[in-house]
Amino acid sequence: MTIERAETGPGREIADWWQTDIIDMEPGKINYFGYPIENLIGQLSFSKMIWLMTRGEIPSQKQTELLDAALMSAVDHGPQAPSIAIARMAATCGVGLNNAMASAVNVLGDIHGGAGEQAIQIYKDIAVITENGSSLASATEEVLTAYKLEFGKYIPGFGHRFHPIDPRSVKLMALVEDHIKDGNISGTYYQAAREIERQLGQGKSKAIPMNIDGATAVIYAELGFPAELARGLFCLSRSVGILAHAWEQMQSPERNKGPMPRNMLWSYTGKETREL
């Protein structure tokens, strides 16, 4: 069978139905943004391929180091995380590995999985105001005040219900500081995050430090990723943990495992037993 791409006539209209800069493929040829796949295999790491596929170019080694760190740091946070718990519960229902993974990824939304995207937007809003001449402190106060009025007191990317200090964010910020010193990144979004951290802790007996979402958001923003893409990157990262937990659960004989032990019942808040 001959497969070819029409240049004129009705075939051209069919070919143009989908248009993409990402891949050029025909029999014997697979190019990503102009790079033949045979030249990339063995030369590009997975994280570099993620960059190429989302940005259209191959990242530098320094950019790759930061992207690697952000992606690997958020892969898992245990079965108490809804996405991980759902993957494990799905696995006990007899579905395939891909079904368990899809079930888990589908709950990565605004509340569980969206904080990184939201944090980047906050950092960028602060950066825009400072570019117009405001001080970092006043710009941060303005953005935080507006955010709290619209969405409430919780600021995405800061504070953690389990970790007084998130060990992941500490290490990530140390790496970011090294890259700022070396001139690999500007530090604009790092400074915004640190100022948020400072202002959130003002007048409080307990600090509200940056968490993993806030830290990875700094890295993605410093690397130039759009805020919306950060959630996709988080999904890629957390999918590794989802895969591991789903696979581990599949090795167990447990069946139909729900969200609580079988000897425990939920709280019923409805009407008392009634006669028909």
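Above: the structure in question.
Residues numbered from 1 in each chain as written. Predicted model: local features only at pLDDT ≥ 70, side-chain atom pairs only at ≥ 80, totals over all residues. Heavy atoms only, no water.

S.K.: Looking at this model, I keep getting lost on the sheet that holds strand β3 (residues 35-36). Mind explaining?
M.R.: As a general point, the strands of a sheet are linked pairwise by backbone hydrogen bonds and lie either parallel or antiparallel. A sheet is described by the order of its strands in space; here three strands give the open sequence β1-β2-β3, paired in antiparallel fashion. One side of each edge strand has no neighbouring strand; the edge strands of this open sheet are β1 (23-26) and β3. With four bridges connecting them, β1 and strand β2 (residues 29-32) associate as antiparallel partners. Its bridge partner being in β2, M25 is matched across the sheet by I30. (Pairing = 2+ DSSP bridges. Helix = DSSP H or I, 4+ residues; strand = E, 2+ residues; numbered from the N terminus.)

S.K.: Would you mind going over empty space enclosed by the protein with me for this structure?
M.R.: Leftover empty space is mapped by rolling, across the atoms, a probe with the size of a water molecule. Inspection of the entire model under this criterion finds one cavity of 30 Å³ or more. Counted as a void, the largest cavity has a volume near 70 Å³. Considering the residues around the largest cavity, the lining is formed by G113, G116, E117, I120, D213, T216, A217, Y220, A230, R231 and F234. When contributions to the lining of the largest cavity are tallied by element, the ones reaching two or more residues are α7 (115-131), α11 (212-222) and α12 (227-250). Of the residues forming the lining of the largest cavity, the biggest block, four residues, is contributed by α11. Looking at the lining of the largest cavity residue by residue, the classes come out as five nonpolar, three polar and three charged. (1 Å grid on protein atoms, 1.4 Å probe; cavity = no way out; pocket = protein on both sides within 12 Å on 5 of 7 lines; lining within 4 Å. Points joined across faces, edges and corners; volume = space filled by probe spheres on them. Nonpolar A, V, L, I, M, F, W, Y, C, P; charged D, E, K, R; others polar.)

S.K.: Help me understand a nonpolar patch on the surface, please; the structure alone is not making it clear to me.
M.R.: There is a patch of nonpolar side chains on the surface, built from I22, I23, M25, I30 and M53 and spanning about 380 Å² of accessible area. By the secondary structure assignment, I22 is in the loop between α1 (10-15) and β1. (Patch = residues over 30% accessible without salt bridge, like charges linked within 9 Å, V, L, I, M, F, W, Y side chains within 5 Å. Areas by Shrake-Rupley, 256 points an atom, 1.4 Å probe, with all protein chains shown as cover. Salt bridge = Lys/Arg side-chain N within 4 Å of Asp/Glu carboxyl O.)

S.K.: Just to check I follow, could you spell out the packing of α7 against helix α8 (residues 136-151) for this structure?
M.R.: What describes two packed helices is the angle between their axes and the distance between those same axes. Running from N to C, α7 and α8 cross one another at 135 degrees; their axes reach a closest spacing of 9 Å. On the basis of their axis angle, the class for α7 and α8 is oblique. The crossing of α7 and α8 is right-handed. Two secondary-structure elements touch here, α7 through Q118, I122, D125, I126, I129 and T130 and α8 through L136, A139, T140, E142, V143 and Y147. Taken together, the residues of the contact of α7 with α8 break down into seven nonpolar, three polar and two charged. (Axes fitted to C-alpha atoms, helices over the stretch in contact; angles between N-to-C directions. Parallel < 35°, antiparallel > 145°, perpendicular 65-115°, else oblique. Left-handed = near helix turned anticlockwise from the far one by under 90°. Contact = heavy atoms within 4.5 Å.)

S.K.: Can you help me understand the nonpolar core in this one?
M.R.: Side chains of nonpolar character tend, in soluble globular proteins, to be buried together. Y123, I196 and Y220 are the most contacted members of the largest nonpolar core, which has 47 residues in total. Looking at this core, the elements with two or more residues in it are α3 (46-55), α4 (61-73), α7, α8, α9 (167-181), α10 (188-201), α11 and α12. Not counting residues within four places of it along the chain, the set of residues in contact with Y220 comprises L67, A70, L71, I120, F225, A230 and L233. (Core = buried A, V, L, I, M, F, W, Y, C linked by side-chain atoms within 4.5 Å. Buried < 20%, exposed > 50% of the residue type's maximum accessible area, 1.4 Å probe, protein only.)

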